[in-house]
Amino acid sequence: MFLAGIILLATISAILCYIIFRNNTHLINIPKPPCSILLGHILHFKDSTKILQILTNYTIQYGGLLRIYMPPTKPSVLITDSEVLQVLLTSNKEVAKAKDYNFCKPWMGSGLLTSEVDKWKCHRRILTPCFGRLSLLKNFTDVFDSFGNILIQKLGAKVNNKDIDIFPLIKMYSLDVLFETSMGLSVNAQEDIEGEYVKSLERMCEIVVNRLKTPYKRFNFIYRFTEDYRKQTEAIKIIDSFFYNIIKTKRQSDGTKKSNQNVLETTFLDLLLKIYEDDEFTMTDVKDEVNTFLFGGHDTTATGIAFTLYALARHPKIQEKVIEEQLHIFGKLNKNSPSYEDLQNMKYLEIVIYEALRLYPPIPITGRRIINDVHLGNGVILPKNLNVCLFIYGCHHNPKYFPEPEKFKPERFEGNNILPYTFLPFSSGPRNCIGKKFAILQMKSCISKIVRNFDLQPSDPEYILELVPRMTLAARNGIRLSIKKRTSD
Ligand code: HEM
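Conventions and cut-offs
- Residues numbered from 1 in each chain as written.
- Predicted model: local features only at pLDDT ≥ 70, side-chain atom pairs only at ≥ 80, totals over all residues.
- Heavy atoms only, no water.
- Helix = DSSP H or I, 4+ residues; strand = E, 2+ residues; numbered from the N terminus.
- Buried < 20%, exposed > 50% of the residue type's maximum accessible area, 1.4 Å probe, protein only.
- Contact = heavy atoms within 4.5 Å.
- Areas by Shrake-Rupley, 256 points an atom, 1.4 Å probe, with all protein chains shown as cover.
- Near = heavy atom within 4 Å.
- Polar contact = N/O pair within 3.5 Å; in protein donor to acceptor, adjacent residues only side chain to side chain.
- Nonpolar A, V, L, I, M, F, W, Y, C, P; charged D, E, K, R; others polar.
- Donors = N, O, S within 2.8 Å, 3.2 Å for Na, K, Ca; no water.
- Core = buried A, V, L, I, M, F, W, Y, C linked by side-chain atoms within 4.5 Å.
- pLDDT = per-residue confidence, 0-100.
- Salt bridge = Lys/Arg side-chain N within 4 Å of Asp/Glu carboxyl O.
- Pairing = 2+ DSSP bridges.
- Axes fitted to C-alpha atoms, helices over the stretch in contact; angles between N-to-C directions.
- UniProt positions renumbered as here; feature names shortened; annotations may be inferred.
- 1 Å grid on protein atoms, 1.4 Å probe; cavity = no way out; pocket = protein on both sides within 12 Å on 5 of 7 lines; lining within 4 Å.
- Points joined across faces, edges and corners; volume = space filled by probe spheres on them.

Participant: Sorry if this is basic, but what is going on with the overall build of the chain here?
Facilitator: A tally of helices and strands in the chain yields 17 helices and 12 strands. With the C-alpha coordinates aligned to their principal axes, the bounding extent of the chain is approximately 85 × 55 × 40 Å. Burial statistics for the chain: of 489 residues in total, 52% are counted as buried. Counted over contacts in the chain with a minimum sequence separation of 6, partners at least 24 positions apart contribute 73%. In the form shown here, the chain has an accessible surface area of approximately 23,400 Å², with 56% of it arising from carbon and sulfur atoms.

See the structure below:
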């Protein structure tokens, strides 16, 4: 018995040593910022508002590949080198999504964001044309505009208030847009932030962030006994029953329209239901994809809009140039309902948005798992089972790729000066953001409307933005500015 115990212990130790040292011997050529033997780099990241800056400084000092130790999890490699990013972002054979994405699965199942390669390939092939469909994007332009009008009213109530955190308002606007375009459902998030569905969605985002941050919640067998798990079960019940009610209502109304063969698809759900009727998707697939769009689309776009407004408030000359372009397109500033073509013509606003997405990428880090050894040359191998962090924020703030990286300079996007795989707000390669066109269009619509109505200025008193990496990039002390009614026409 005693001997059996010793043999078991020795075997477990040998396996553990194999796992740890196999990774470590392969990783030895990758620089590691100094850290404690027991706690690794944990102490460097005590203050969440400093994490992004500390990691960015490391990448500038030690290079585009870095070893990071955060016990008890295995070592991971942080990557900002554009050539290595290209290798990893273009490969589906060697690289898969990190295991952390599984925390979203109870809610999003096997939607595009979380699915494994085989299922993802099939779904992405079917869904890519839906996101590029011009008729749908043109329809959506009206949706962006009508919810934009409500946002303008809400902001109007804050005129002359010298210190507004604009993020919560923009987020509710973005939720309204996403619900309407995904399902044709008006949840009135801007009017009713206490709505059951909106609250459940927000709760799910919080719960996933909690699981990522709290080591013991990472283990399913412990997590099942937590308060978060109970809340998750409740929230998912509400989200699912909402979805099935919509399907029921749609089916009833489609029954009455049956004679009309050419019913226009006006939402993503309409397109997904067609795919379901063609037997290419199950109803669970449809639900997973709708939930994925809602999750992938609302916080990211809201973050992008809010940081662009913040940057414009602090750069009056750039704001003036945006206004000049608006006048050039519309002839006057109080024009309502820009068309799809008007939005396409906002070329200067577009590079302003790109520069804001560079300085404040809504997704600052994404995670991947190496599934087959990746040979990078110079004796560096990223071994199977290694976790890698693609550090988008660090890449965007590296002076090697973007001189004077902390300055807001939209003109760096004029011409073709950006190196491949250095500007990655929507990631790149086959698993890039499927909603990129949609997001840029929505951002233009919203920002154009806001700057035509209001003069954006820095908040008073001045404050220093405290950036924290959550699921999306956030500011712990809000994204603050002040607004005045714009009078000139
Ligand atoms: C400014 C707004 C947005 C930003 C910055 C953004 C950024 C990203 C990034 C970085 C990824 C890659 C994530 C990864 O590697 O794990 C991604 C994927 C994705 N995004 Fe977006 N996104 C935005 C808006 C949207 C919108 C509006 C939608 C949908 C309506 C959307 C749907 C998705 C989906 C479904 C994926 C997974 C794609 C796949 O794996 O095939 N995103 N997004």
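Participant: I'm lost on the site of the ligand in this one. Help?
Facilitator: Taken together, 27 residues form the shell around the ligand, and within it Tyr101, Trp120, Arg124, Arg368 and Cys433 come nearest. Contacts to the ligand include lysine 97, whose side-chain N or O atom sits 3.0 Å from an oxygen atom. Within the side chain of arginine 431, a nitrogen or oxygen atom sits 3.2 Å from an oxygen atom of the ligand. Listing elements by their share of the shell around the ligand, those giving two or more residues are helix 5 (117-132), helix 12 (283-314), strand 5 (365-370) and helix 17 (436-453). When residues of the shell around the ligand are assigned to their parent elements, the largest contribution, five residues, is made by helix 12. Here the shell around the ligand is built from residues that sort into 14 nonpolar, nine polar and four charged.

Participant: Is there a simple way to explain the coordination of the iron atom of the ligand in this structure?
Facilitator: Where a metal carries four tetrahedral donors, each ideal angle is 109.5 degrees; where it carries six octahedral donors, the ideal angles are 90 or 180 degrees. Within the protein, a single donor atom binds the iron atom of the ligand, namely Cys433 (SG) at 2.3 Å. Along the polypeptide, cysteine 433 turns up in the loop between helix 16 (392-396) and helix 17.

Participant: Where do I start with the nonpolar core in this structure?
Facilitator: One broad trend across soluble globular proteins is that nonpolar side chains are buried collectively. Within the largest apolar cluster, 122 residues are counted, with the highest numbers of intra-cluster contacts made by Phe179 and Ile450. Examining the composition of this core, we find that 15 residues originate from one element, helix 12, more than from any other. Other than its neighbours up to four places away in sequence, isoleucine 450 contacts Leu151, Ile152, Leu155, Ile170, Leu309 and Leu456. If you look at the next biggest cluster of nonpolar residues, it comprises 23 residues, including Leu382, Leu386, Val388 and Leu424.

Participant: Where do I start with the confidence of the model for the chain in this structure?
Facilitator: Low-pLDDT stretches of the model should not have their predicted coordinates read in fine detail. Averaged over every residue, the pLDDT of the chain is 88; the share at 70 or more is 92%. Here residues 16-22 is a poorly scored stretch, pLDDT under 50, and it has five contacts once near neighbours within four places are set aside; other chains count. Confidence drops under a pLDDT of 50 for residues 258-264, and excluding neighbours within four residues, the segment shows one contact in the predicted structure.

Participant: Explain the pattern of salt bridges here, please?
Facilitator: Side chains that carry opposite charge are capable of pairing whenever their charged atoms lie near each other. Enumeration over the complete set of coordinates arrives at 22 salt bridges. Linking aspartate 163 and arginine 480 is a salt bridge whose minimum nitrogen-to-oxygen distance equals 2.8 Å. One end of the pair, aspartate 163, is in the loop between helix 6 (134-156) and strand 4 (164-165); the other, arginine 480, is in strand 12 (residues 480-485), and 317 residues separate them in sequence. The exposure class assigned to aspartate 163 is partly exposed, which follows from its relative accessible area of 30%. Between glutamate 355 and arginine 412 there is a salt bridge, with its nearest N and O atoms 3.0 Å apart. With glutamate 355 in helix 15 (residues 347-359) and arginine 412 in the loop between helix 16 and helix 17, this pair connects stretches of sequence that are 57 residues apart. Overall, arginine 412 belongs to the buried group, its relative accessible area being 11%. The structure contains a network of salt bridges with shared partners spanning Lys171, Glu202 and Asp299.

Participant: Explain the sheet that holds strand 9 (residues 454-457) to me, please; I cannot follow it from the model alone.
Facilitator: By way of backbone hydrogen bonds, the strands of a sheet pair with one another, either parallel or antiparallel. The strand order 4-12-9 describes an open sheet built from three strands, whose pairing is antiparallel. Both edges of this open sheet fall to strand 4 and strand 9, since each of them pairs with a single strand only. With two bridges joining them, strand 4 and strand 12 adopt antiparallel strand pairing. Within the sheet, the bridge partner assigned to isoleucine 164 lies in strand 12 and is leucine 481. Each of strand 9 and strand 12 is contacted by helix 17, which is oriented at about 95° to strand 9, the strand it contacts most.

Participant: Just to check I follow, could you spell out the UniProt feature "binding site: heme" (unreviewed entry) in the chain for this structure?
Facilitator: Mapped onto the present numbering, the UniProt feature "binding site: heme" (unreviewed entry) falls on Cys433. Every residue in contact with cysteine 433, bar those within four places of it in the chain, is listed here: Arg124 and Phe426.

Participant: In this structure, what is going on with empty space enclosed by the protein? I would like to understand it.
Facilitator: Here the idea is plain: a probe the size of a water molecule rolls over the atoms and shows the empty space left. Evaluation of the coordinates by the stated rule reveals two cavities of 30 Å³ or more. Taken as a whole, the largest cavity holds about 90 Å³ of empty space. Taken together, Leu88, Leu89, Ser91, Asn92, Val95, Ala96, Lys97, Val117, Arg368, Ser428, Pro430 and Arg431 make up the lining of the largest cavity. Looking at the lining of the largest cavity, the elements that each hand over two or more residues are helix 3 (82-89) and strand 3 (95-97).

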